[in-house]
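The lines below spell out each chain.
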Amino acid sequence: MSGPATHPFRRFERGLTGRFTVAVRPSWFQLAKGAAAAILTWFLCLLVFPGQLPIFGAIAALIVMQDNVDQSLTRGIERVVGVLVGISVALGAGALFGPQSWLFVAAIVVAMAVGWLLRMTPSSTNQIAITALLMIALGGLELDYGAERLIETAIGATIGVALNALVVAPVQNSSVNEAIVALTDHSARVLTRIADALDAPRDDAWLAEMLAEARTLQAERGRVHDLLRQARESLRFNPRSRRYRQGLADDDALFQRLQRIVTQIIGMARATADLYDPELVTDRSVIGMVEEMRRAAHDLERLGHLTSDVADAGPVEPPALTQPYTIPQPHPEHWVLIGSLMEDLRRVRGRITGELD
């Protein structure tokens, strides 16, 4: 009785925790660098401005410690600009209205309006409002105080960016090649299943499952695209980028070929599911096309492993494709499906061999 009652609660708990947790823990080294940047900023700012607690600088150092140097630089600029505008808003509001109890409300409204007028990002607009509130809360409505906080923020942002770039700058390309190999293997399996559909009679449930598996290639391709984008960002302004650029360029070139192959395979699966007829398996031209599809699937899987470290684990099988398959006479009833599959198969073969590139 407790099982069914707790099941909705567990789903609610997973949905709640999923909003502030991640599937993979962030790098502890990045967290350590963030803490080191904040501590270093704190003591350095105390030397420069001994009379004030360097809250602005420590916050800036923590914020700019991102997953790559490019993002750190962007956040650093965003933080400094936001603090500059926020200090200006606080000083302007203080000069106009004086130390009133409702100055907080006026500062928030003005900060949001300024961010909107300047077309700043939501995070930058929030930076303006937070800075203005901190200025008012800490009692610093003087120009000298605002200038010191701006310098303090610039120090923290600079230390954070420099530490992230110079101390083992993060590179996010380790999972790109693995994801591309997985996508090629999955695409090859789907192509083999399309061949299986033409090799023996299949029912509607089998065809629906085959089409559903083919459609999952779209999401997997999008995931690889996101990984490549993150890898490119991690190499931008990265002192360690030279040793990784060629490998990433090879992965990118392979993905450009692969994503077109995925498009063709999804189209082949959809055409097969929509126009399928069990009598197709007895057609002589289809029997030959099944063999060519399996050869294409073999070479597609081989293509992914040729450019990966997996190839070092053992010998790679030679290519199976020979000459393009031709049909001398179209089928009188199923020629639309057969012709569509043949054209898609020709394009898949051309992408695998590089002839269409």
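For the structure itself, consult the block above.
Residues numbered from 1 in each chain as written. Predicted model: local features only at pLDDT ≥ 70, side-chain atom pairs only at ≥ 80, totals over all residues. Heavy atoms only, no water.

Novice: Looking at this structure, I do not really get helix α4 (residues 69-97). What am I missing?
Specialist: Because the α-helix completes a turn every 3.6 residues, residues three or four places apart line up on one side. Over its 29 residues, α4 extends 41 Å from the first C-alpha to the last, a length consistent with the 42 Å expected when each residue adds 1.5 Å. The backbone nitrogen of D70 lies 3.2 Å from a side-chain oxygen of the residue at the head of α4, namely N68. In the stretch just after α4, G98 is the one whose phi turns positive, near 75°. (Helix = DSSP H or I, 4+ residues; strand = E, 2+ residues; numbered from the N terminus. Expected span 1.5 Å × (residues − 1). Polar contact = N/O pair within 3.5 Å; in protein donor to acceptor, adjacent residues only side chain to side chain.)

Novice: Explain the environment of G94 to me, please; I cannot follow it from the model alone.
Specialist: Topologically, G94 is positioned in helix α4. Between the alpha carbons of G94 and G140 there is a distance of 9.6 Å; along the sequence they are 46 residues apart. With residues up to four places along the chain from it excluded, the contact list for G94 reads L103 and L141. (Contact = heavy atoms within 4.5 Å.)

Novice: Please explain the environment of G98 as it appears in this structure.
Specialist: In this structure, G98 sits in the loop between α4 and α5 (103-117). Overall, G98 belongs to the buried group, its relative accessible area being 14%. For the pair formed by G98 and L141, sequence separation is 43 residues and the distance between their alpha carbons is 9.1 Å. (Buried < 20%, exposed > 50% of the residue type's maximum accessible area, 1.4 Å probe, protein only.)

Novice: What exactly am I supposed to notice about the packing of helix α8 (residues 176-199) against helix α9 (residues 204-235) here?
Specialist: Packed helices, taken two at a time, are described by the angle their axes make and the gap between the axes. Two elements in contact, α8 and α9, have axes separated by 10 Å at closest approach and are oriented at 160°. Regarding the angle of α8 to α9, the classification is roughly antiparallel. In the packing of α8 onto α9, the handedness of the crossing is left-handed. Of the residues belonging to the contact of α8 with α9, the class tally is 17 nonpolar, three polar and eight charged. (Axes fitted to C-alpha atoms, helices over the stretch in contact; angles between N-to-C directions. Parallel < 35°, antiparallel > 145°, perpendicular 65-115°, else oblique. Left-handed = near helix turned anticlockwise from the far one by under 90°. Nonpolar A, V, L, I, M, F, W, Y, C, P; charged D, E, K, R; others polar.)

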